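Observations on the three-dimensional arrangement
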Amino acid sequence: MGLDLGTKTIGLALSDVGHKIATPYATIARKKLKDDVAELTRITNKEGVGGLVLGLPVNMDGTEGPRCQAARAFARNLGPLLPLPLTYWDERLSTVAVQRMMVEADLSRARRAELVDKLAAGYILQAYLDWLRGQEPAAADQSGSP
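Counting starts from 1 at the beginning of each chain's written sequence and moves along it residue by residue. Only residues with pLDDT of at least 70 are given local features in this predicted model, and only at 80 or more are side-chain atom pairs given and counted; all residues enter the totals for whole chains, interfaces and linings. Calculated side-chain values reflect all of the structure's heavy atoms, with hydrogen atoms and water omitted.

1. Focus on the pairing of strand β1 (residues 2–5)
Condition: Exposure is judged per residue with a 1.4 Å probe applied to protein chains only, and the accessible area is read against the type maximum: over 50% gives exposed, under 20% gives buried, and values in between give partly exposed. Strands are runs of DSSP state E lasting at least 2 residues, helices are runs of H or I lasting at least 4, and numbering of each runs from the N terminus. Paired strands, as defined in this entry, are two strands with at least two bridges between them according to DSSP.
What you see with β1 is no split at all: Gly 2 and Asp 4 on one side and Leu 3 and Leu 5 on the other are buried throughout. In terms of strand pairing, β1 meets strand β2 (residues 9–15) through 4 bridges, oriented antiparallel. Bridge pairing in β2 places Leu 5 opposite Ile 10. Hairpin connection of β1 to β2: 3 residues between the antiparallel strands. As judged from the 2 bridges shared by β1 and strand β4 (residues 52–56), these two strands associate in the parallel manner. When the bridges of β4 are listed, Leu 3 appears paired with Leu 54.

Structure follows, in structure tokens:
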């Protein structure tokens, strides 16, 4: 499951079982940590989620600022309460790319505001899945050569 962590919402995306396609799933309105974790737990159990990819909002120069610190703190607090493997993914420009796509699709401001978080989570998760596919060992040589 991909997570786009904001101050007011958490965007969620799921991958297919083959880990090829990320699909925007939902947006959770943030409340208290225990409420956020309860909702994430409900969804991960319902959907059979095996791991989390949390977008890390790295600055354009590669440094980590307050938003990164907040994402890492969220992950530290989440870990003991939702024991799933978690990895971070550099989410630089994910929201910008998603907003540009929605403007080009001529969506209203209200519709863009409604969709941006879960679409950004999908963008983050898809980038991670694409990277994962690149990490898989090449298919075995079918010619029978050693």
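After presenting the structure, the write-up continues.
2. With respect to unusual backbone geometry
Positive phi, close to 55°, is recorded for His 19, a residue that is not glycine. Tracing the backbone shows His 19 in the loop between β2 and β3 (22–29). Residue His 19 is classed as partly exposed on the basis of its relative accessible area of 46%.

3. So, helix α4 (residues 109–135)
For the record, the criterion: Here the expected span of a helix is defined as 1.5 Å times the quantity of residues minus one. Fitting axes to the seven residues ending at a residue and to the seven starting there, one defines the bend at that residue as the angle between these axes. Only heavy atoms enter the contact rule, under which two residues are in contact if any of them lie within 4.5 Å.
In this model α4 runs 38 Å from its N-terminal to its C-terminal C-alpha over 27 residues, within 8% of the 39 Å that 1.5 Å per residue would give. At Val 116, α4 is deflected by roughly 45°, the largest bend along its length. Within the sequence span of α4, burial applies to Arg 112, Leu 115, Val 116, Asp 117, Leu 119, Ala 120, Ala 121, Gly 122, Ile 124, Leu 125, Tyr 128 and Leu 129. Buried residues in α4 make contact with β1, β2, β3, β4, β5 (86–90) and α3 (94–104).

4. What about α3?
The condition is simple: Of all possible arcs, the one meant is that of the directions from the helix axis to the C-beta atoms.
Residues of α3 that are buried include every one of Ser 94, Val 98 and Met 102, and no others. The buried residues of α3 occupy an angular sector of 65° when the element is viewed end-on, so they sit on one face. Facing away from the buried side of α3, by more than 90 degrees, are the exposed residues Arg 100 and Glu 104. At its buried positions, α3 is contacted by α4. The positive-phi residue at the C-terminal boundary of α3 is Asp 106, with phi of around 60°.

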